[in-house]
Structures are given as C-alpha cells and as structure tokens.
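Examination of the molecular architecture
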Amino acid sequence: MTGLRARVRAELTAEIKAAARRQLAAEGANLSLRAIARELGMASSALYRYFASRDDLLTALILEAYEAMGEAAERAEATVARDDYAGRFSACCHAVRDWSLAHPTEYALLYGSPVPGYAAPEATIGPANRPVAVLGSVLRDAVAAGVIEVAPPPDPPELAADLARVLADPHFAGIGEAALLRGFHAWVQLYGAISFELFGRLDNVVTAQDAFFAGQVTAMTRYVLTG
C-alpha cells in the first residue's frame, strides 16, 4: 500500500507541475495554486499537501528545468572527443539553445523577468550552474592542454575579486583569470542570443535564425579558445 500511495503522489505531483507550466505559458508569472486546483478538480487544501505555497511550486519547477537543461548540455558535450575543445564548447551551446527552444516556458521562468515576490532559494544554485560547469570543464581542459594561452586579463582590475571568487569554486579551478573572463563573456552572449530569439527580438530582422546562432557560436568558440 505504501508503494501505491507513493506512485499516486508522484503522479499527482507531476500533474500539478504540468498544470503550473500551462498556466505560466498562458499567463506568465501569475501562478495561482487555487487556479491549478480548480483545473485539476482538487480542493485547494488538498493541493497544499503537495506544495505548501506558490513559491514551493515555483522552486520545484525551476529546479526541474535547470536539471533538464544541465543534463542536455552534459549529454551533448559528452559525445564529442575530449581533445576537440571547440566541438565540445559548440555542442554545449547548441544543446542549451535546443533545450530552450523546446521549452520556452521553462526558459522564461529561469531567465525571463523575475517573478514578483519570489526569491530563489540556495538549493537552485547548484542546478543552475550545471551548463556553466560544462563550459568550465572545456576551458579547464583546454588550458591544461596548452590550447589556451594564459595571459593577464584584459579587463579592469576591479574584476579581480570577482574572478578570484569564481576560481575558488572546484568547477573552475585551474582555468586562470584570462580564460575565465573570456568564458564569462561567452556565457553572457550565449544566454543573450537565446533570449533575443525566444523573446522575439530578432523577429523581422533575422529569418535564418539557426544559421545566425551557429555563426555566433563559432565566433564565441574562437574568442574563448584563442583570445
């Protein structure tokens, strides 16, 4: 009986999340547990036994989305030969975009306008870093192989403390300031490119969006690996 209850709970939890995604797609960040309960034919009090608050449900959706995006990036990068640093970097970038285009509602939840009144808990930090950690592993391996020339960072010294803090993270240890800074630039460009595309900023400007993105990835990869 315990196993049956667990399965029923898991199924209903998945239904609640699916209803929440539909609501987010239709109404943006105006997530309402009462509206979800009505759609599913549940009493609000019953739904609160699964998610104690709107924020708890949002956190569950965010964690699931980050993990899915991170898994997509890791899986794509893992298929490329370890010494093909440009290929690994490119594969990760394309995987993040492909996942985002396939899950626009989840992407908007992660990287769109902040949800009013919601503050993401610390538990979201690790999952959010999964795609970044993949890019970091490419940089670290390329530095270790001598592909990336380690040189003083070109940006103002005010960034030194920020770079040192990130380099203290095991995911980025050994990359060096110069390579890390170039990786930062590419990371911002990657999500900026995806956001422009998903949020319609390229409409009536760029029609060949696959080719446009591929060109950006090529330029990013060249910049990150050669400086």
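Predicted, not measured: the structure shown is a model, and the values here were computed from it. Here the residue index of a chain counts from 1 through its sequence in written order. This being a predicted model, a pLDDT of at least 70 is required before a residue's local features are given, and a value of 80 or more before pairs of side-chain atoms are given or counted; all residues contribute to the totals for chains, interfaces and linings. Side-chain calculation: all heavy atoms of the structure are included, whereas hydrogens and water are not.

Attention shifts here to the overall build of the chain. Only DSSP runs of H or I reaching four residues or more are called helices, and only runs of E reaching two or more are called strands; each is numbered from the N terminus. Across its full length, the chain carries eleven helices and zero strands. Reading the helices (α) and strands (β) of the chain from amino to carboxyl end gives α-α-α-α-α-α-α-α-α-α-α. Overall size of the chain, expressed as C-alpha extent along the three principal axes, is 60 × 45 × 35 Å. Here, residues are in contact when the closest pair of their heavy atoms is within 4.5 Å. At a minimum sequence separation of 6, the contacts of the chain that also span at least 24 residues come to 71%. In these tables, accessible area is a Shrake-Rupley quantity obtained with a 1.4 Å probe, and a residue counts as shielded only by the protein chains included in the view. A total of about 11900 Å² of accessible surface is found on the chain, and carbon and sulfur atoms cover 57% of it. Neither His nor the chain termini are counted; the positive set is Lys and Arg, and the negative set is Asp and Glu. To locate a charge, take atom NZ for lysine, CZ for arginine, CG for aspartate or CD for glutamate. Counting 20 positive and 26 negative side-chain charges, the chain places the averaged centre of each group 8 Å from the other.

What follows is about the packing of helix α8 (residues 130-144) against helix α10 (residues 177-198). Simply put, an axis is a line fit to the C-alpha atoms, just over the touching stretch for a helix, and the angle between two N-to-C directions goes from 0 to 180 degrees. Their axes nearest at 11 Å, the elements α8 and α10 cross at an angle of 145°. Handedness of the crossing formed by α8 with α10: right-handed. Here P131, V132, L139 and V143 of α8 lie close against α10, whose contacting residues are A179, G183, W187 and Y191. The classification used treats Ala, Val, Leu, Ile, Met, Phe, Trp, Tyr, Cys and Pro as nonpolar, Asp, Glu, Lys and Arg as charged, and all other residues, Gly among them, as polar. A per-class count over the contact of α8 with α10 returns seven nonpolar, one polar and no charged. Each crossing is labelled by how the near helix is turned from the far one, with a counterclockwise turn of less than a right angle marking it left-handed and a clockwise turn marking it right-handed.

The next thing to look at is unusual backbone geometry. Positive phi, normally seen in glycine, also occurs at N204, with a value near 65°. Within the fold, N204 resides in the loop between α10 and α11 (209-226). Judged by relative accessible area, which is 83%, N204 ranks as exposed. A 1.4 Å probe rolled over the protein chains alone gives each residue an accessible area, and that area as a share of the maximum for its type sets the label: buried under 20%, exposed over 50%, partly exposed in between.

Here the focus is the pattern of salt bridges. Should a side-chain nitrogen of Lys or Arg be within 4 Å of a carboxyl oxygen of Asp or Glu, the pair is scored as a salt bridge. Following the criterion strictly, the structure yields 14 salt bridges and no others. A salt bridge links R130 to E67; the nearest nitrogen and oxygen atoms lie 2.3 Å apart. Of this pair, R130 sits in helix α8 while E67 sits in helix α4 (residues 54-78), and the two are 63 residues apart along the sequence. Taken together, the shared-partner salt bridges in this structure form one network comprising K17, R21, E64 and E106.

What follows covers the packing of aromatic side chains. Aromatic rings from Phe, Tyr and Trp, taking only the six-membered ring of Trp, are treated as a pair when their centres fall within 6.5 Å; an angle between ring planes under 30 degrees marks them as stacked, one over 60 as edge-to-face, and anything in between as tilted. Across all of its chains, the model carries six aromatic pairs by this definition. Both rings, one in Y111 and one in Y191, keep their centres 4.6 Å apart while their planes meet at 35°; by these two values the pair is tilted. One end of the pair, Y111, is in helix α6 (residues 104-111); the other, Y191, is in helix α10, and 80 residues separate them in sequence. Classification of Y191 by relative accessible area gives buried; the value is 9%. Ring pairs connect the aromatic residues Y66, Y107, Y111, F184, W187, Y191 and F199, which therefore count as one cluster.

The subject of this paragraph is helix α5 (residues 85-102). Expected span of a helix, by definition, is 1.5 Å for each gap between consecutive residues, and there is one gap fewer than residues. Look at α5: 26 Å from first C-alpha to last across 18 residues, which is about the 26 Å you get at 1.5 Å a residue. Within the span of α5, buried status applies to Y85, G87, R88, F89, A91, C92, C93, A95, V96, R97, W99 and S100. Buried residues in α5 make contact with α4, α6, α8, α10 and α11.

Here the focus is the nonpolar core. Counting 61 residues, the largest nonpolar core has I36, L57, F89, V96 and L190 as the members making the most contacts within it. In terms of residue count, the dominant contributor to this core is α4 (ten residues). Excluding its chain neighbours within four sequence positions, the residues that come into contact with V96 are M69, A73, P131, L190, Y191 and I194. We define a nonpolar core as any set of buried Ala, Val, Leu, Ile, Met, Phe, Trp, Tyr and Cys residues linked to one another through side-chain atoms lying within 4.5 Å.

A separate point is the environment of T13. Examined against the element boundaries, T13 turns out to sit in helix α1 (residues 2-27). When the C-alpha positions of T13 and L47 are compared, they lie 9.1 Å apart, and in sequence the two are 34 residues distant. Those residues in contact with T13 that sit more than four places away from it in its chain are Y50 and F51. Side-chain atoms alone can form a polar contact between residues adjacent in sequence; in general such a contact is a pair of N or O atoms within 3.5 Å, and within protein one must be able to donate a hydrogen while the other accepts it. Here the side chain of T13 touches R9 through a polar contact of 2.7 Å, landing on its backbone oxygen.

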